[in-house]
Amino acid sequence: MISIKGLKKQFDDLEVLKGMDIEVRKGQVIVLIGPSGSGKTTFLRCLNALEIPNGGEITIGDIGANFNGKVPKQKLLKLRRQTGMVFQSYNLFPHMTALENVMEGPITVQKRSKSEVCEKAKALLEKVGLGDKIDYYPFQLSGGQQQRVGIARALAIEPKVMLFDEPTSALDPELVGEVLKVMKDLAEEGMTMVVVTHEMRFAKEAADEVIFMDGGHIVERGDPMTIFENPQNDRTRKFLSLIQ
Ligand code: ADP
C-alpha cells in the first residue's frame, strides 16, 4: 500500500530526512517513535504532500511520485488524496459544525454531491461516537470529541491510508482513551495506518511494526514485542527508558 524509497527532505541547510525506506502492506499499522526533532512529523507531512521532498520516491496505492525530479502539481494533489491526516491540534474549522467540518473535504476537494456527502458524514460521526453532536461547533466539544471529528473528517475523503500525528498529545489524560479506541477500531477494520505517538500502550496493542527514528534515519524497526522488550540499538534503549 505504501512504498517509500530514499526519501529526503531538508529545510534550507537542515537535513531532516536523510533517505528513508519504508514498505507498508495493506491493513498494517505502523507506529513511528523517536525523540522530538527526529523528523517524524516531516515524514508524515511528506506522505501527505504537505511538504515536498527533495528526493526519493513515494508510492501510495496506485499513485507514485518520483521526487528526484519535479513532480507536477496534479500528481501531488492525487497523492494527497490517498491519505487522510489527523493533526495533534485537530485543525477543525471553528466556524463550522462537526457535520460541516466532515463534509467540507468531499464537497470542495472531491466535488461530490451534498446530499450523498451529508449521509456519509453523519454515518462517520456516528462511527466515532458523535452521532448526537453533529450540529455542535468545535468550541462546544471537548478535546477528545474534537479529535474524533478530526478522524471522521480525515476518513470522509475515503483515503487509502490514515496518517496520525501525535493525535492524543494535546488531550487531557482522561480523554486519551476515547480517541485511541476509535483508532484501534479502525485498525481492526483493516485500515492501513501510520501513527506518530508517545502512547506506548497503543503501539503495543495495535502496531504491526514499530519504527524508531532518530536524526532523520530509521535506527531500528520490528514488532512491538521486540522493540519494547528487547531493543537492539543503544539509542532505542535510551529513548524507551526515558519515556516508559
Ligand atoms: P518530530 O516530529 O520528530 O519532532 P519534525 O519533523 O517536527 O520532528 O522536525 C524535524 C526537524 O525539522 C526539526 O529540527 C524542526 O525544527 C525542523 N523543521 C520542521 N519543519 C520545518 C520547517 N517548515 N522549516 C524549517 N525547519 C523545520
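Residues numbered from 1 in each chain as written. Predicted model: local features only at pLDDT ≥ 70, side-chain atom pairs only at ≥ 80, totals over all residues. Heavy atoms only, no water.

K.L.:
Explain empty space enclosed by the protein here, please?
P.N.:
Over the atoms rolls a probe the size of a water molecule, and in doing so it shows where empty space is left. In total, this model carries one cavity of 30 Å³ or more according to the counting rule given. A volume near 40 Å³ is recorded for the largest cavity. Residue lining of the largest cavity: Ile-2, Ile-4, Ile-22, Val-24, Ile-30, Leu-32, Phe-43, Leu-47, Val-194 and Ile-211, and that is the complete set. Going through the elements one at a time, β1 (2-11), β2 (14-24), β3 (29-33) and α1 (40-47) are the ones with two or more residues in the lining of the largest cavity. (1 Å grid on protein atoms, 1.4 Å probe; cavity = no way out; pocket = protein on both sides within 12 Å on 5 of 7 lines; lining within 4 Å. Points joined across faces, edges and corners; volume = space filled by probe spheres on them. Helix = DSSP H or I, 4+ residues; strand = E, 2+ residues; numbered from the N terminus.)

K.L.:
I tried to follow the nonpolar core on my own but got confused; where do I start?
P.N.:
Note on soluble globular proteins: their nonpolar side chains tend to be buried together. One finds Ile-33, Leu-125, Ile-151, Met-162, Phe-164, Met-183 and Met-193 to be the most contacted residues of the largest nonpolar core, which totals 51 residues. Among the elements that make up this core, the one with the highest residue count is helix α6 (residues 173-188) (eight residues). Residues contacting Phe-164, with those up to four places away along its chain left out, are Leu-44, Val-86, Ile-151, Met-183, Leu-186, Met-193, Val-194, Val-195 and Val-196. (Core = buried A, V, L, I, M, F, W, Y, C linked by side-chain atoms within 4.5 Å. Buried < 20%, exposed > 50% of the residue type's maximum accessible area, 1.4 Å probe, protein only. Contact = heavy atoms within 4.5 Å.)

K.L.:
Whenever I open this one, the sheet that holds strand β5 (residues 63-66) confuses me. Can you help?
P.N.:
Sheet strands pair by backbone hydrogen bonding; their relative direction is either parallel or antiparallel. Taken in spatial order, the four strands make up an open sheet running β2-β1-β4-β5, and their pairing is antiparallel. The open sheet is flanked by β2 and β5, the only strands paired with a single partner. Between one strand axis and the next, the sheet turns by 15 degrees as a mean value, whatever way the strands run. Bridge analysis of strand β4 (residues 55-60) against β5 gives four bridges, and the strand direction is antiparallel. Across the sheet, the residue bridging to Ile-58 is Ala-65, located in β5. (Pairing = 2+ DSSP bridges. Axes fitted to C-alpha atoms, helices over the stretch in contact; angles between N-to-C directions.)

K.L.:
Please clarify how the sheet that holds strand β6 (residues 83-86) should be interpreted in this entry.
P.N.:
The six strands lie next to each other as β6-β7-β8-β3-β9-β10, forming an open sheet whose pairing is mixed. Lying at the two open borders of the sheet, with one neighbouring strand each, are β6 and β10 (217-222). Across the sheet, the mean angle from the axis of one strand to that of its neighbour is 20 degrees, orientation sign disregarded. The pairing of strand β7 (residues 161-165) with strand β8 (residues 192-196) spans five bridges and is parallel. The residue bridging Phe-164 from the neighbouring strand is Val-195, located in β8. Packed on one face of the sheet, helix α9 (residues 234-243) meets β3, β9 (209-214) and β10 and runs near 100 degrees to β9.

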